[in-house]
Amino acid sequence: MKKYFRVSEDVQAAVAAGKAVLALESTIFTHGLPRPRNAEVALEAEASLREIGVVPATIGVVSGEVVVGLSSAEIKRLSDGSEPVIKASTRDLPIASAKKLHAGTTVAATAFAAHAAGIKVFSTGGLGGVHRGADKTFDESADLSALAQVPLVVVSAGVKSILDIGLTLERLETLNIPVIGYGTTDYPGFYISDSGFDIDYSVDTPEEVAEIAWSRDALHITSTLLVANPVPASKQLAPETLERVLAAAHSAAGGAGIKGHDTTPFLLDYIQKATNGESLEVNVEVYRNNVALGGRIALALAKRSS
């Protein structure tokens, strides 16, 4: 595996010592944010974690090598647009490795690599899930099945607002993936703090999350613990704006014949343009919020395990 998989020295040392490490995905800066904001946000996230004593482990693929703990230079290389960078889920990793491609890793691929490196906590923006109309298209993100197989703690602001949130929650239940709200039983909707769906359990501190993760591991349950962390209401996109823009975005996608893996980038780009960039600012706020909480959970889990 060493030929295709590299863990940075600082991440290796931190994992071996039982110190706090937080995994971060790379698609947010390879495909999710415009340049040069993408690299700025990624490097800012890493710096904010180091300030509180957490080792950041940004994961991506460089020249076919899956890297856990990208260097600043590698983050900039994947961000600057000078070379082709694909978007890689777990199924794409062997192809990217064999063909020596650069790639940003999705939630599924990042979770796989984080677990392989011994990392226990991962922060992202929004998860993939069940798409609208999935009863006909069977369009469901690989994120869900991937998270059912690895015992991580994953912090997100729910699933992406463009998805069928109700069906996604049903699918999470079927896959035995527990969901807890951070300070709420209102399931967040990425751009908004309350999607309109409720969840059964909530916690108020990182220590509570760590205790639940510890109990899960003691019981030999191997699915991810999802922590739903809502964007602050003061920072959210106005719910009525989101509802209006989402309807228009789905209509535009249907009219343009957009299907399959092209759907998500089309819809997100439409929303960003229709909100004059406001959704982009919410996206960044969501990510910062989740990175901050993920760092605190990593610290609490390291302390609980010591």
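To be clear, the structure that these remarks concern was listed above.
What you see is a predicted model; the values in this text were computed from it and never measured.

Reading the values: the criteria
Residues numbered from 1 in each chain as written. Predicted model: local features only at pLDDT ≥ 70, side-chain atom pairs only at ≥ 80, totals over all residues. Heavy atoms only, no water. Core = buried A, V, L, I, M, F, W, Y, C linked by side-chain atoms within 4.5 Å. Buried < 20%, exposed > 50% of the residue type's maximum accessible area, 1.4 Å probe, protein only. Contact = heavy atoms within 4.5 Å. Patch = residues over 30% accessible without salt bridge, like charges linked within 9 Å, V, L, I, M, F, W, Y side chains within 5 Å. Areas by Shrake-Rupley, 256 points an atom, 1.4 Å probe, with all protein chains shown as cover. Salt bridge = Lys/Arg side-chain N within 4 Å of Asp/Glu carboxyl O. Lys, Arg positive; Asp, Glu negative; His and termini not counted. Charge placed at Lys NZ, Arg CZ, Asp CG, Glu CD. Helix = DSSP H or I, 4+ residues; strand = E, 2+ residues; numbered from the N terminus. Expected span 1.5 Å × (residues − 1). Arc of directions from axis to C-beta. Pairing = 2+ DSSP bridges. Phe/Tyr/Trp six-rings, centres within 6.5 Å; stacked < 30°, edge-to-face > 60°. Lys NZ or Arg CZ within 6 Å of the ring centre and 35° of its normal.

Core analysis: the largest hydrophobic core is formed by 60 residues, its most contacted members being Val11, Val68, Ile119, Leu147, Tyr187 and Leu226. The residues contacting isoleucine 119, other than those within four sequence positions of it, are Val11, Val15, Val21, Ala23, Ala57, Val68, Ala114 and Leu152. The next biggest cluster of nonpolar side chains, apart from the first, holds 38 residues, and it includes Val85, Val284, Ala300 and Leu301.

The next point concerns a negative patch on the surface. A surface patch of negative charge is lined by Glu170, Glu173, Asp194, Asp198 and Asp200. Counting only elements with at least two residues in the negative patch, the list comes to helix 9 (165-174) and strand 11 (192-198). Secondary-structure assignment places glutamate 170 in helix 9.

Before going further, it helps to spend a moment on helix 11 (residues 239-255). Between its first and last C-alpha atoms helix 11 spans 24 Å; for 17 residues at 1.5 Å apiece the expected length is 24 Å, and the two agree. Of the positions making up helix 11, those classed as buried are Thr241, Leu242, Val245, Leu246, Ala249 and Ala253. Viewed along the axis of helix 11, the buried residues span an arc of 120 degrees, placing them on a single side of the element. Exposed residues pointing more than 90 degrees away from the buried face of helix 11 are listed as Glu240, Glu243, Arg244, Ser251, Gly254 and Gly255. Among the structural elements, strand 11 and helix 12 (263-274) are those in contact with the buried residues of helix 11. Just beyond helix 11, the residue with positive phi is glycine 257, at close to 70 degrees.

Because each turn of an α-helix spans 3.6 residues, side chains separated by three or four positions end up pointing in the same direction. Burial in helix 4 (residues 72-79) covers these residues: Glu74, Ile75, Leu78 and Ser79. An end-on view of helix 4 places all buried positions within 135 degrees of arc, on one side of the element.

This part is about the pairing of strand 10 (residues 186-189). Every regular strand shows the same layout, with side chains that alternate between the two sheet faces. One ladder, built from three bridges, connects strand 10 with strand 11; its direction is antiparallel. Opposite glycine 189, over in strand 11, you have isoleucine 192 as the bridge partner. Once strand 10 ends, the chain turns through two residues before running back antiparallel as strand 11, passing phenylalanine 190 with a positive phi of about 65 degrees.

Time to look at the pattern of salt bridges. This model, assessed by the stated rule, comprises eleven salt bridges. With a closest N to O distance of 2.9 Å, arginine 6 and glutamate 65 form a salt bridge. In this pair, arginine 6 is assigned in strand 1 (residues 5-7) and glutamate 65 in strand 4 (residues 65-68), connecting sequence segments 59 residues apart. Residue classification places arginine 6 among the partly exposed residues on the basis of a relative accessible area of 27%. One salt bridge in this structure joins glutamate 281 and arginine 37, with 2.9 Å as the shortest N-O distance. One end of the pair, glutamate 281, is in helix 13 (residues 278-305); the other, arginine 37, is in helix 3 (residues 37-51), with 244 residues separating them in the sequence.

It is worth spelling out the packing of aromatic side chains at this point. For the coordinates displayed, the defined rule picks out two aromatic pairs. The ring of tryptophan 214 has arginine 304 lying over it, and the distance from NZ or CZ to the ring centre is 4.3 Å.

Checked against the element boundaries, aspartate 143 lands in helix 8 (residues 142-147). For the buried aspartate 143, no salt bridge is present, and the opposite-charge side chain at shortest range is lysine 160, 5.2 Å distant. Other than its neighbours up to four places away in sequence, aspartate 143 contacts Thr106, Val107, Ala108, Leu127 and Gly128.

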